[in-house]
Amino acid sequence: MSIDFNYDKFYYDSYDIENPYDKKDIWQPFFNDIADRIVKYIDPKTVLDAGCAMGYLVEALRDRGVEAYGIDISEYAISKVRKDIKPYCSVGSILNPLNRNYDLIISIEVIEHLNMNNHIKAIENLCNYTNDFLFSSTPTGYNDPSHFNIHPTYYWAKVFANNKFIRDVDFDASFISEWAIRFRKNEENLSFLISQYERIYYMNYIEKKSLRNELIKNKNMLSERFYEDKRNNFEKIIEDKDHEINDLNKAILCEKTNVNKYLKESLGLMKKVKDLEQYETNYFDAIKHQSEINMQLTSIMNSRGYRFLQKYYKLRVFLIPPNSRRIKMAKMLFKLTKITNPIYFKKGLTYIKANGIKSTLYKIYSGNVPPSVQEKDAYSIWISRNEPSKEELVIQRQAKFKLNPLISIVVPTYNTPINFLIDMIESVENQTYSNWELCIADGGSENIKDIKKILNKHKKIVYKVLQTNEGIAGNSNEALSLANGEYVALLDHDDILPPFALYEVIKAINENPQCDFIYSDEDKFEKVNDKRFDPHFKPDFSPDTLMSYNYITHLSVIKTELIKKIEGFRDGYNGSQDYDLILRATENANCIIHIPKVLYHWRIHENSVSLNPQSKIYAYESAINALNSHLERNKIIADVEHGAFLGSYKINYKIINNPKVSIIIPNKDHVADLKRCLFSIRTFTTYSNYEIIIVENNSELEETFQYYEGLRELKDIKILNYEGTFNFSKINNFASTQCDGDYLLFLNNDTEVITKRWIEMMLEHCQRDDVGIVGAKLYYKDNTIQHAGVILNIAGLAGHSHKYCSRNSFGYFGRASIIQNLSAVSGACMMIKHNIFNEVNGLDEDFEVAYNDIDLCLKVRKMGKLIVWTPYAELYHFESKTRGFDNDSEIKMERLKAEANLFKQKWKAELEKGDQYYNTNFTLDREDFSLKI
């Protein structure tokens, strides 16, 4: 066995969670059977069990009169050998010389525990002391972390052959395991081995010949039976088909009846369509009339008299007390105005056309879109409900803002298809905000004459034609040199803007005058006016998400002052020059604003990354270079590698000074859960400087305390007693005062570690000055996601991101598989700096069971620290999918309700504001990032 692996009490207790190795009543019958067969078929006088563990096989052989001995490297295992057998079992290594020869040496599932250098030495050593060897080593046990050497049987045959041992082909060793072999020393020459091979071949030949004769003998009988069975089967099939035909005739008759019914209904619908067409005619007349009224209204609102009245009414509010009847009347009039407004009336007609009267009535009654409509085309419905109508665009064009800065839209072009160029220009000219200029730099396109003809037709386009193509970065900088605006908007030559894009940008600038970087959501399209798809609804600014992939991309609007400060685009980042620019801009920005609206349409075509990520494979290496530059500029010691999917990246931060981590695990009974949890930690964890703090809280089972006694012998485990009634917050706060670690890692006892560097994956982020808490990726037993971060307001309060998605799912735009910032993470596996935990006064003890982890995260965020979630620290969390929160008694339900109300009251402002890392366009009914429609 490997000297490097610690084969102590903990190892043998955890060898099999259900059947630990020290349960002799389970294991002894297994070894008794092996001993019986060895005595019956081999009958050796002296035997050595190499790797005897607790001596069960030595004991069984001695009880049967065999002079058996054992050797094992584990002092703990030898200490457990039966008292009268102990003189025959000793602590030692099978790499060292033995003191005598044996008729038989046995090695059962031992050699795979040795490393590459030692396993051959061990076999060579043992082969010197016997001529007969019973050997078994698993060819498949990769899941056991103590297995360093897994090989198929032919590999071991080769090792033994090098020591002049060959398989005894007449001996069946499968009573030990299906891959067990008896090797025997043989000094014979090659002719003996060939004769053995020929003998096996001849035996197989005789066996096959016998079978073939038997088949020929019974050929006629088999043939008759075969064809009889065939005939019976065909008759059964014919009978079944007759039944199917009868059923189909009945169904056809039924469908004919339904068709007649549908025809009658269709005639009625046709009449309704005609009525609807008449309503549309009347509606457009009303719109025309409405437009005339709007012009009159605008004239009135601009008059001095109206402005005077406005001031008078504002003053009147303070002078005249409100009247409840007047307020009710005003509310009713407001609703009536909204219903009769032509804008909303048209939206209603559009909805009826798309979804029918039944769906419309359902929506009016319940306030929600029917599930059947949601499934049909959620994004099309979202567009119809959330984007401005033609009439609203007219109103936007008339809007007046306090700030009306010039926006320079920068576009580099090179060999742009003419139809793409025209589409792009028209989308800019259709903007409802008019104070813009379009700055184009062309890298000497082959069709430059045609391009010039188009550009010369438009007054608000400034352009230059370069002598040579300077690449995207160079061409973009040339376009930037033409810009006169206070802000610069970045637009690709083959993409388009919706008409309200700049209006929304200016609106955001007026609401946040200090902002110098603005970005929006986006979607994709193939042809103008065709169906749009694949919308990317983004989080508010999230630095770790940005380091994982360029989620910002389009539409990006940057203050000219800032873009000059960072010196525009840089060469050397081809394909990811925008990523490099955004990283530098966000590093230097004073205020970053995200507009949660689709303000950019990204065209897909055969050469675009949006359709085929592999079309510009060099761009991903450029992205890594951009990220490395970002790390260097900010003096961060880390390296970058490709992430889980193409276009994603993983930052590996260097862990400084090897700090101590205290793993805190509350426990009440649940010995099997705790065993599994501890075994996974001590087996898989590669980080060395940690301690485990088990907080015992009112256990009742004797089995629990017996297990604790064994754990007390281990240096890295400390057991604390908390005798108060169960309060998760108090228990963990109490434990934190008894910890030596610089970092606290709160862990549920029903978890199981499944990635070796899980502590490193969390610690590398938690050590950062800008980070307060780090969470892990948790799975249910069935390999679906249990936790990928916490989203506020889901189901009224909070929910887990991507819950129930497959473990292998990348999630919404990859968000189940990238390092990112979130509002909170689950306390089932959560790491926090010890000093920050103390600074926020630990967990709020008013939250006895629920919401204490989310509350802690929000307190830490209030300090200005980030919450990071990493998918690279993975654990199972054996919480039931249907468990719910303590819903098995009225008292617990009341407590849960009280804690939920307390949380809502404490964090009212944050909940009303919404989760900044979860786009406002997503539903709050589910955790799957589906649209709110």
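See the structure above.
Keep in mind that this is a model prediction, so the values were computed, not measured.

Undergrad: So what exactly am I meant to see when it comes to the side chain of Ser74 here?
TA: Within the secondary structure layout, Ser74 lies in the loop between strand 2 (67-72) and helix 4 (75-79). Looking at Ser74, its side chain comes within polar contact range of the main-chain nitrogen of Ala77, at 3.0 Å. Aside from chain neighbours lying at most four places away, what touches Ser74 is Tyr7, Tyr12 and Val91.

Undergrad: Would you take a moment to explain the sheet that holds strand 6 (residues 165-167) for this structure?
TA: Adjacent strands of a sheet pair through backbone hydrogen bonds, lying either parallel or antiparallel. Within the open sheet, the seven strands sit side by side as 3-2-1-4-5-7-6. Their pairing is mixed. Of all the strands in the sheet, just strand 3 (89-91) and strand 6 have a single pairing partner and so form its edges. Shown here is a sheet whose adjacent strand axes are inclined to one another by a mean of 20°, direction ignored. Across the face of the sheet, helix 3 (residues 56-63) comes into contact with strand 1 (46-50), strand 2, strand 3 and strand 4 (104-108) while running at roughly 170° to strand 2.

Undergrad: Please explain the state of the cysteines as it appears in this structure.
TA: By definition, a disulfide links two cysteine residues through a covalent bond between their sulfur atoms. Under the defined criterion, the tally for this structure stands at zero disulfides. Considering cysteine sulfurs only, Cys89 is the nearest to Cys52, which forms no disulfide, with 4.3 Å between them. Overall, the relative accessible area of 3% leaves Cys52 in the buried class.

Undergrad: Mind showing me how you'd approach helix 29 (residues 890-906) here?
TA: Every α-helix winds through 3.6 residues per turn, so residues three or four apart in the chain are directed the same way. Taking 1.5 Å per residue, 17 residues should reach 24 Å; helix 29 reaches 24 Å between its end C-alpha atoms and fits that length. Burial in helix 29 covers these residues: Leu896, Glu899, Ala900 and Phe903. In an axial view of helix 29, the angular spread of the buried residues amounts to 105°, which keeps them on one side of the axis. What points out from helix 29, more than 90 degrees from its buried face, is the exposed set Glu890, Ile891, Glu894, Lys897 and Gln905. Buried-residue contacts for helix 29 involve helix 28 (852-862) and helix 30 (908-913).

Undergrad: I tried to follow the nonpolar core on my own but got confused; where do I start?
TA: One broad rule of soluble globular proteins: the nonpolar side chains tend to lie buried together. In this structure, Val661, Ile663, Leu678, Ile681, Leu711, Leu747 and Trp758 are the most contacted members of the largest nonpolar core, which totals 89 residues. Ala441, Ala473, Leu562 and Ala589 belong to the second-largest nonpolar core, a separate cluster that totals 41 residues.

Undergrad: Looking at this model, I keep getting lost on the environment of Ile395. Mind explaining?
TA: With respect to the helices and strands, Ile395 occurs in helix 14 (residues 390-397). In this structure Ile395 comes out as partly exposed when scored by relative accessible area, which is 45%. Along the chain, Ile395 and Thr432 lie 37 residues apart, while their C-alpha atoms are 8.9 Å from each other.

Undergrad: Whenever I open this one, the pattern of salt bridges confuses me. Can you help?
TA: When their charged atoms lie close together, side chains carrying opposite charge are able to pair. Tallying each qualifying case throughout the model produces 31 salt bridges. Notably, a salt bridge pairs Lys660 with Asp740, separated by 3.9 Å at the nearest N-O pair. Of this pair, Lys660 sits in the loop between strand 17 (649-653) and strand 18 (661-667) while Asp740 sits in the loop between helix 25 (728-736) and strand 21 (743-747), and the two are 80 residues apart along the sequence. With relative accessibility at 51%, the residue Asp740 sits in the exposed group. A salt bridge links Asp928 to Arg926, with the nearest nitrogen and oxygen atoms 3.4 Å apart. Each of Lys24, Glu59, Asp63, Arg82 and Asp84 takes part in a single network of salt bridges with overlapping partners.

Undergrad: Which parts of the structure should I look at to understand the pairing of strand 16 (residues 638-642)?
TA: Note on strand geometry: in a regular strand, side chains alternate between the two faces of the sheet. As judged from the five bridges shared by strand 16 and strand 17, these two strands associate in the antiparallel manner. What sits directly across from His642, in strand 17, is Tyr649. Between strand 16 and strand 17, which pair antiparallel and follow one another directly, the connecting turn spans six residues, one of which, Gly647, has a positive phi of 100°.

Calculation criteria
Residues numbered from 1 in each chain as written. Predicted model: local features only at pLDDT ≥ 70, side-chain atom pairs only at ≥ 80, totals over all residues. Heavy atoms only, no water. Helix = DSSP H or I, 4+ residues; strand = E, 2+ residues; numbered from the N terminus. Polar contact = N/O pair within 3.5 Å; in protein donor to acceptor, adjacent residues only side chain to side chain. Contact = heavy atoms within 4.5 Å. Pairing = 2+ DSSP bridges. Axes fitted to C-alpha atoms, helices over the stretch in contact; angles between N-to-C directions. Disulfide = S-S within 2.5 Å. Buried < 20%, exposed > 50% of the residue type's maximum accessible area, 1.4 Å probe, protein only. Expected span 1.5 Å × (residues − 1). Arc of directions from axis to C-beta. Core = buried A, V, L, I, M, F, W, Y, C linked by side-chain atoms within 4.5 Å. Salt bridge = Lys/Arg side-chain N within 4 Å of Asp/Glu carboxyl O.

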